[in-house]
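# Coordinate inspection notes
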Amino acid sequence: MKTLKTLSVVSAALLSNMGYTQAAGNANSKPNFVVIFCDDLGYGDIGCYGNPTILTPNIDRMACEGLKMNQFYVGVAISTPSRSSLLTGRLPVRNGMYGDKAGVLFPNSKAGLGQDEVTIAKVLKENGYATGCVGKWHLGAFSPYLPTDHGFDTYFGIPYSNDMSPVQNKGRHAAKFPPTPLILDGKQIESEPDQGELTRRYTEKATDFIKQHKDEPFFLYFAHTFPHIPLYTNARFEGTSKRGLYGDVVQEIDWSVGEVLKALQQNGLEENTLVIFTSDNGPWLTELENGGSAGPLKDGKGTWWEGGFRVPAIFRMPGKITPAINDDIMASMDLFPTFLTMAGIPLPKDITLDGVNQLPMLMEEKSSARDEIFYWWGSELMAVRKGSWKYYFKTIQDQYLRTVKIETPAKPLLYNVETDISEKFNKATDHPEIVRQLIQVAENHKKGMVIKPSVCDLISFE
Ligand code: MG
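Residues numbered from 1 in each chain as written. Predicted model: local features only at pLDDT ≥ 70, side-chain atom pairs only at ≥ 80, totals over all residues. Heavy atoms only, no water.

### Points about unusual backbone geometry
Following Phe226, the chain continues into Pro227 via a peptide bond in cis, with omega recorded as 5 degrees. Within the fold, Pro227 resides in the loop between strand S8 (218–223) and helix H7 (244–266). The omega angle of the peptide bond from Ile229 to Pro230 is 0 degrees, so this bond is cis rather than trans. Here the phi dihedral of Asp40 falls at roughly 70 degrees; this positive angle occurs in a residue that is not glycine. The topology assignment puts Asp40 in the loop between strand S2 (32–38) and helix H2 (57–65). Residue class for Asp40 comes out buried when judged on its relative accessible area of 2%. One non-glycine residue, Asp299, lies in positive phi territory at about 60 degrees. For Asp299, the location among the structural elements is in the loop between strand S9 (273–279) and helix H8 (306–309). (Helix = DSSP H or I, 4+ residues; strand = E, 2+ residues; numbered from the N terminus. Buried < 20%, exposed > 50% of the residue type's maximum accessible area, 1.4 Å probe, protein only.)

Below you can see the structure in the form of structure tokens.
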């Protein structure tokens, strides 16, 4: 692994080299996990990833005190599949949370994440963890698909995107959608809640959960509703950034991150809690100023260019994770096996995982356990990455004109996404042997793939 240390913390390095799993078996020493998961936050939307006009001091501090990942990938660059991947450690084609007609779940979807799928929360709960989910779920809006049906003891949030409402959305079916529910555990407690208060209310629930469970191991999955559109922020944050409303919304999320870190610190939990900050997919660029930025990466959400699949990701656990910048490849689906290994829980034998354990990379400064990324869209494999090379079977164009065109490239398309991070220079002619190798990697991957029937395509009106 090539890393640049941001701080020289010798004691942290020594501790990390002791390995984490030594502590497994002692309930009191089991690590806590907090995942802070933004919606549509792009690679270029926070200070430590280069944004000049959105100020994110709390997230930047997390990066200085932790591991900032420069090549971190989601399962698919859109909400429902991405979330399913993080929580099950499996690609959406394997867990069913993809669609060829509908890319995500809608309020008129007939189902959600199947009970035959196993989430991180379910396994941790079975092993004595307290489990809490706050925010956007998007893996099913009614029982038996809610967070409380999938291993979470508690849930507070809007179960899908904040634009899927007859009030907020002018889309095709919006008038037929029910008013947006705010759910507490399994029950709706409000209809069309004031979205300007959501981040504050989510943050209060998240910090309360931490305080309530400070004496037992816990997993908190805190999935923000924003900066997905329509953008809303608390009045306290309006006009606070030079980046307009989008920047104000991200700055409120940064405040929220600070509150979570403060709650951990005040309860003496910092050194035993792995906190992760990341996003479900790249920026929604067709929303123009109301969408984010992928920084130097090409395109954004809903595409398989790097700006769609690659997101910011920061891992912090003082004394266990050595502060550094890491340029290895990691994926959100790696969290499932990594968390279980940290907690001393054997990986389920009867489940095919696409994620790999990254504990040696995170805590022992070893190389990543993965060098491949598979870019699925619906039931089709669109591109493949191995090492620094990425090959496209299909491309997607004209997102900005909202006339999405999926095309088979006229000539082979091969990019070195490490030397050419913006995917500008096609190197297929120079490296036909690498083209052949990547096609073979994709063939081998597809050969072992059992594609589950699509859940997202089960909708009740067209
Ligand atoms: Mg999203």
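### Re the packing of aromatic side chains
Applying the stated criterion to the full structure yields 22 aromatic pairs. Pairing Phe209 with Phe218 gives two aromatic rings, centres 5.9 Å apart and planes at 90 degrees, and the pair type is edge-to-face. Comparing Phe209 with Phe218, the two get one shared label, buried. Between Tyr392 and Tyr415, the aromatic rings sit 5.9 Å apart at their centres with planes inclined by 85 degrees, giving edge-to-face as the arrangement. Here Tyr415 lies in strand S17 (residues 413–416) and Tyr392 lies in strand S14 (residues 389–392), a separation of 23 residues in the sequence. Of the two residues, Tyr392 and Tyr415, neither departs from the other in class, the shared state being buried. In textbook terms, an aromatic cluster arises when at least three aromatic residues are bridged by ring pairs, as seen for Phe33, Phe37, Tyr129, Trp137, Phe152, Phe219, Tyr221 and Phe339. Lys68 extends its terminal NZ or CZ atom over the ring of Tyr49, reaching a point 4.3 Å from the ring centre. We note Arg236 situated over the ring of Trp255; from NZ or CZ to the ring centre the distance is 5.0 Å. (Phe/Tyr/Trp six-rings, centres within 6.5 Å; stacked < 30°, edge-to-face > 60°. Lys NZ or Arg CZ within 6 Å of the ring centre and 35° of its normal.)

### Some details on H7
The periodicity of an α-helix, 3.6 residues per turn, causes residues three or four places apart in sequence to face the same way. Look at H7: 33 Å from first C-alpha to last across 23 residues, which is about the 33 Å you get at 1.5 Å a residue. The element H7 is extensively covered by neighbouring structure, given that 17 of its 23 residues are classed as buried. With its phi angle positive at about 65 degrees, Gly268 sits one or two positions after the end of H7. (Expected span 1.5 Å × (residues − 1).)

### Quick notes on the sheet that holds S17
Taken in spatial order, the 4 strands make up an open sheet running S12-S13-S14-S17, and their pairing is antiparallel. Strand pairing shows two members of the sheet lacking a second neighbour, strand S12 (372–377) and S17, which therefore form its edges. Across the sheet, the mean angle separating the axes of adjacent strands is 20 degrees when strand polarity is ignored. Alignment of S14 against S17, held across 4 bridges, turns out to be antiparallel. When the sheet's bridge partners are listed, Tyr391 is paired in S17 with Leu414. Running over the sheet, helix H11 (residues 432–447) touches S12, strand S13 (380–386), S14 and S17 and is turned about 125 degrees from S13. (Pairing = 2+ DSSP bridges. Axes fitted to C-alpha atoms, helices over the stretch in contact; angles between N-to-C directions. Contact = heavy atoms within 4.5 Å.)

### What to know about the packing of H2 against H7
Closest axis-to-axis distance for the H2/H7 pair is 7 Å, and the angle between their directions is 55 degrees. Relative to H7, the element H2 lies oblique. Contacts between H2 and H7 involve Pro57, Asn58, Ile59, Arg61 and Met62 from the former and Asp254, Trp255, Val257, Gly258 and Leu261 from the latter. Looking at the contact of H2 with H7 residue by residue, the class counts come to 6 nonpolar, 2 polar and 2 charged. (Parallel < 35°, antiparallel > 145°, perpendicular 65-115°, else oblique. Nonpolar A, V, L, I, M, F, W, Y, C, P; charged D, E, K, R; others polar.)

### Remarks on the nonpolar core
Core analysis: the largest hydrophobic core is formed by 52 residues, its most contacted members being Phe219, Tyr221 and Phe315. In terms of residue count, the dominant contributor to this core is helix H9 (residues 335–342) (5 residues). Ranked by size, the runner-up nonpolar core spans 42 residues in total, among them Ala130, Leu220, Val257 and Leu261. (Core = buried A, V, L, I, M, F, W, Y, C linked by side-chain atoms within 4.5 Å.)

### What to know about the pattern of salt bridges
Summed over all chains, the structure comprises 26 salt bridges. A salt bridge links Arg200 to Glu197, with the shortest nitrogen-to-oxygen separation between them at 2.7 Å. Overall, the relative accessible area of 25% leaves Arg200 in the partly exposed class. The partner of Glu259 in a salt bridge is Lys262, with the nearest N and O atoms 3.1 Å apart. Separated by 3 residues within a single helix, Glu259 and Lys262 lie in helix H7, roughly one turn from each other. Using a relative accessible area of 22% as the deciding quantity, one classes Glu259 as partly exposed. What emerges from the salt-bridge pattern is a single network uniting Asp39, Arg83, Lys136 and Asp280. (Salt bridge = Lys/Arg side-chain N within 4 Å of Asp/Glu carboxyl O.)

### Section: the layout of surface pockets
Of the voids in this model, the largest pocket is the one considered here, and its volume is about 1300 Å³. Around the largest pocket, the lining comprises 46 residues; the ones closest to its centre are Ile78, Gly103, Val104, Phe106 and Trp284. Sorting the residues of the lining of the largest pocket by element identifies helix H3 (79–88), S12 and S13 as the ones contributing at least two each. For the lining of the largest pocket, the class distribution of residues is 22 nonpolar, 15 polar and 9 charged. (1 Å grid on protein atoms, 1.4 Å probe; cavity = no way out; pocket = protein on both sides within 12 Å on 5 of 7 lines; lining within 4 Å. Points joined across faces, edges and corners; volume = space filled by probe spheres on them.)

### Considering the confidence of the model for the protein chain
Across the protein chain, pLDDT averages 93, with 94% of residues at or above 70. For residues 6–19, every residue scores under 50 in pLDDT, and the model assigns this stretch 22 contacts once sequence neighbours within four places are set aside. A low-confidence stretch, residues 21–27 stays under pLDDT 50, and its non-local contacts, those more than four residues away or across chains, total 7 contacts. (pLDDT = per-residue confidence, 0-100.)

### Thoughts on the side chain of Ser332
The residue Ser332 is located in the loop between strand S11 (324–331) and H9 in this model. Take Ser332: its relative accessible area is 1%, and that puts it in the buried class. Apart from residues lying up to four places away in sequence, Ser332 is in contact with Phe72, Tyr73, Val74, Gly75 and Leu86.

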